[in-house]
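Chain by chain, the residues:
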Amino acid sequence: MKKLFLYALMCMVLPAQAQEQKKSVEVPQWVSNIKFSGYAMLQYQAEDKEGSEHNEFNLRLARFILDGKIGDVDWRAQIQGTNAKGPGEPTVQLVDLYAEWNKYKEFRVKVGQFKRAFTFESLTHPITQGWYSYGQVINSLVGYGDRTGEKSSGGRDIGIQIQGSLFPQHDGHRLLHYQLGIYNGEGINKKDADNKKDLIGGLWLMPIQGLRIGAFGWTGTKGEINMTTVDAQGNTGSTTLKSVRKNRYALSAEYDKDEYTFRAEYIHSQGWGTNEAWGDKADGWYAFGIVPVIKSKLHAKARYNVYRRSADWQSAKTMYEIGANYYFNKKLQLNFEYARVNDRTLAKHDYNFVDLELDYRF
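Remember, it's a predicted structure, so these values are computed and weren't measured experimentally.

## Examining a nonpolar patch on the surface
So, point 1. On the surface, a cluster of nonpolar side chains totalling about 1,100 Å² of accessible area is made up of Val27, Trp30, Val31, Ile34, Phe36, Leu42, Leu59, Phe64, Leu66, Ile70, Tyr360 and Phe362.
So, point 2. In terms of residues, the nonpolar patch owes the most to one element, strand β2 (residues 54-70), which gives four residues.
So, point 3. Here Leu42 lies in strand β1 (residues 35-47).

Have a look at this one:
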């Protein structure tokens with residue numbers, strides 16, 4: 001009787017296993033390597049600038065990211081949603097779409113749409129960067145709402161880039177890093193308007209772990225600029241300039257280790273912007289420190305933040321900023337900062353600014 005029972009059980013189980021084997025599908029390795037992630041930044045801001053006082057809640061941005069790997073090639077697709085809508089600019093847009101061959105640390109090749117190889121800060125994650133926004137000079141001269149009228153591109157463009165890190169040291173860091181890229185020069189999701197390319201390069205030394213000292217150069221054109229003009233009688237008008245030259249350089253220094261972050265950068269630009277009265281030169285700089293008060297929990301910060309849209313003090317906007325970042329855990333943080341602002345372009349130069357931000361990753 002026992003043998004008969006076992007025989008009957010085998011007759012039921014074996015066909016079920018065979019059917020299950022027929023249904024199983026082997027998933028390709030490149031599919032298994034795909035990772036989904038993202039982050040969101042929620043904001044409250046207030047300022048008492050004369051004539052335009054405001055306080056408001058704001059959705060700074062949300063990003064949804066797909067990362068993957070096919071052999072020696074890493075790829076990324078990133079979509080951004082924001083309420084900072086400009087003329088003809090959608091609130092949802094593709095910000096990253098690239099592939100990078102990275103078999104060797106000494107020589108890698110990236111193709112697609114990605115961040116330009118210009119300045120340390122632009123290449124830093126918006127949350128890791130630690131402030132309510134990148135420095136003013138980054139926003140104005142690296143494609144975050146550029147003075148040339150380029151729509152907000154998050155520092156990105158379409159092109160090809162080579163980069164690598166050379167001379168490994170005993171503690172694992174490498175002594176020298178280089179980057180060189182060729183781009184359309186028009187920002188994200190836009191073809192080249194004048195068939196002339198931007199060339200951007202960077203070189204930095206890392207003498208000890210955590211310390212970087214670098215320099216960057218940028219030459220190229222903006223295909224078209226709609227410029228506001230003023231005649232001798234003070235009447236305003238407009239004109240369209242084509243193939244406007246952009247010549248820029250940046251000097252950078254950073255120390256980032258054990259939750260201590262110090263960074264300073266200076267950028268100079270030569271080339272017309274969207275207002276003739278600004279002239280063809282602009283510059284700016286910032287310097288900040290972020291230090292742990294309670295390790296992995298609370299950081300204090302201070303920043304000196306200057307942008308001069310005409311490369312002189314009459315056009316300077318200076319922000320003296322202090323604040324703190326509180327980390328609930330590795331994926332959730334609350335940031336606060338206060339700034340005293342001195343804007344020389346306003347009738348009343350001085351006003352106060354406050355920002356409170358909740359950032360999370362998933």
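## Quick word on the packing of aromatic side chains
So, point 1. According to the stated counting rule, one finds 21 aromatic pairs in the structure shown.
So, point 2. Aromatic pair Tyr249 and Tyr266: ring centres 6.2 Å apart, planes at 50 degrees, arrangement tilted. Here Tyr249 is found in strand β10 (residues 236-257), whereas its partner Tyr266 is found in strand β11 (residues 260-270), with 17 residues between them in sequence.
So, point 3. Given a relative accessible area of 23%, Tyr266 falls into the partly exposed group.
So, point 4. Taken together, Phe118, Phe120, Trp204, Phe216 and Trp218 form an aromatic cluster joined through their ring pairs.
So, point 5. Sitting over the face of the ring of Trp204, Arg212 holds its NZ or CZ atom 5.3 Å from the ring centroid.

## Remarks on the environment of Arg309
So, point 1. Tracing the backbone through its elements, the reader meets Arg309 in the loop between β13 (298-308) and β14 (316-329).
So, point 2. Sequence spacing of Arg309 and Leu251 is 58 residues, and the spatial spacing of their C-alpha atoms is 18 Å.
So, point 3. Setting aside anything within four residues of it in sequence, one finds Arg309 in contact with Arg147, Trp278, Lys281, Ala282, Ser315 and Thr345.

Rules of the game
By convention here, each chain's residues receive numbers from 1 onward along its written sequence. Totals for whole chains, interfaces and linings use every residue, but because this is a predicted model, local features are given only for residues with pLDDT of at least 70 and side-chain atom pairs only at 80 or more, for both listing and counting. With hydrogens and water set aside, each side-chain value is computed from the structure's full complement of heavy atoms. Grouping into patches uses exposed residues only, defined as over 30% relative accessible area, and leaves out salt-bridged ones; the cut-off is 9 Å for like charges and 5 Å for nonpolar side chains (Val, Leu, Ile, Met, Phe, Trp, Tyr). Methods summary: accessible areas were calculated by the Shrake-Rupley approach with a probe of 1.4 Å, and residue burial reflects only the protein chains presented. The salt bridge criterion pairs a side-chain nitrogen of Lys or Arg with a carboxyl oxygen of Asp or Glu, the two atoms within 4 Å. For the purposes of this entry, the term helix denotes a DSSP run of H or I that reaches at least four residues, the term strand denotes a run of E that reaches at least two, and both are numbered from the N terminus. Whether two aromatic rings pair depends on their centres lying within 6.5 Å, for rings of Phe, Tyr and Trp, where Trp uses its six-membered ring; planes under 30 degrees apart make the pair stacked, over 60 edge-to-face, and the rest tilted. The rule is simple: take the accessible area with a 1.4 Å probe, protein chains only, and divide by the maximum for that residue type; under 20% is buried, over 50% is exposed, in between is partly exposed. Whether a charge sits over a ring comes down to the Lys NZ or Arg CZ being within 6 Å of the ring centre and within 35 degrees of the ring normal. In what follows, a contact means two residues having at least one pair of non-hydrogen atoms within 4.5 Å.

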